[in-house]
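# Analysis of the macromolecular model
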Amino acid sequence: MKNITVLLVATGLIMIAIFLQRSGTKTEPLPRPDYQNISYKIDGQQILLTKGVAENELAPGSAAKKITRYFGNLAEGDLNSDDKNDVGLILTQENGGSGIFYYAVVATKTNQGYAGSNAIFLGDRISPQSTSINNNVLIVNYADRDINEPMTTNPSIGKSKYLEIRNGILSEAPIFVESPEKNSTLVSPLNISGVAKGSWFFEASFPLLLVDEQGKILAQSHATAKGKWMTPDYVGFSGTLTFAEPTQETKARLILKKDNPSGLAEHDDAREIPVWLR
């Protein structure tokens, strides 16, 4: 009798397994889409990672492979002001030669998972350092070589990329505000610092404004360059705004305007940092 019972149970389990297989019912949940299992656009080509790796033909029918890998240097934070934690990271790509090409990418968080961005080239055989997200900007620090140094030289020159998402595209940010941080509570005088491309300045300065929620100007001044501003590179800046102490904690916006001596609207640009005043 016992043998018959065991046989019936085993037969039942086999029948259940066959039914699940034929009906398409999954016995295990599908893996949740994440930043190591999505597509990123590198040099115009969509590259789909699977468990952090992708292999693609260098040319149709070619045995040589272009290998893309998740390198790491993960940074989490909101990059597109939707209050979701996006991810900044580094990928590498090898094309069969001696080069190892490094790229910065972003995986923006959506309700369905993550969406991969286009890639920003960092360099060949560089040495990545730290990666962070602050004030909606991805900061990638790495060591590289001087333009005249051979590739056999160890990277020793510190460099930084400041990247932002504008209109859905990852690109170099023209300005990065290091301080204050968004949504921080501030008192007067307010000290502002960061870096900006030389094109953001005119005569080594650009306008600063502090406005309330209705757009009323609470304070205005200028930020000044800490070095030579006539350059395509980043230049450090600092500035100070003095405002009247509010009677209660007040929401405001710090506006950093590109100096535009031409007055032409197409050359206007600005970045805003939400803050609280007390």
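Treat the numbers as computed from the prediction; the structure is a model and nothing was measured.

Counting across every chain of the model gives ten aromatic pairs. Ring centres of F71 and Y102 lie 5.5 Å apart, and the angle between their planes is 75 degrees; on these two criteria the pair is classed as edge-to-face. In this pair, F71 is assigned in strand 4 (residues 65-77) and Y102 in strand 6 (residues 101-110), connecting sequence segments 31 residues apart. Using a relative accessible area of 9% as the deciding quantity, one classes Y102 as buried. Centre to centre, the rings of Y162 and Y234 are 4.9 Å apart; their planes meet at 70 degrees, and the pair counts as edge-to-face. Highlighted residues: Y162 in strand 11 (residues 157-166) and Y234 in strand 18 (residues 234-241), separated in sequence by 72 residues. Across the pair, Y234 and Y162 agree in class, each one buried. Stacked on the ring of Y114, the Lys or Arg K109 has its end atom at 5.6 Å from the ring centre. Positioned above the aromatic ring of Y234, the side-chain terminus of K197 is 4.5 Å from the ring centre.

A few words on the sheet that holds strand 18. Spatial strand order, 13-15-18-17-16-19-20-14: eight strands in an open sheet with mixed pairing. Edge positions in the sheet fall to strand 13 (175-179) and strand 14 (185-186), since each has one partner strand and no second. Pairing analysis gives five bridges linking strand 16 (residues 205-212) to strand 19 (residues 250-257), with the strands arranged antiparallel. Among the inter-strand pairings, L208 is bridged to a residue of strand 19, identified as L256.

Procedures and definitions
- Residues numbered from 1 in each chain as written.
- Predicted model: local features only at pLDDT ≥ 70, side-chain atom pairs only at ≥ 80, totals over all residues.
- Heavy atoms only, no water.
- Phe/Tyr/Trp six-rings, centres within 6.5 Å; stacked < 30°, edge-to-face > 60°.
- Helix = DSSP H or I, 4+ residues; strand = E, 2+ residues; numbered from the N terminus.
- Buried < 20%, exposed > 50% of the residue type's maximum accessible area, 1.4 Å probe, protein only.
- Lys NZ or Arg CZ within 6 Å of the ring centre and 35° of its normal.
- Pairing = 2+ DSSP bridges.

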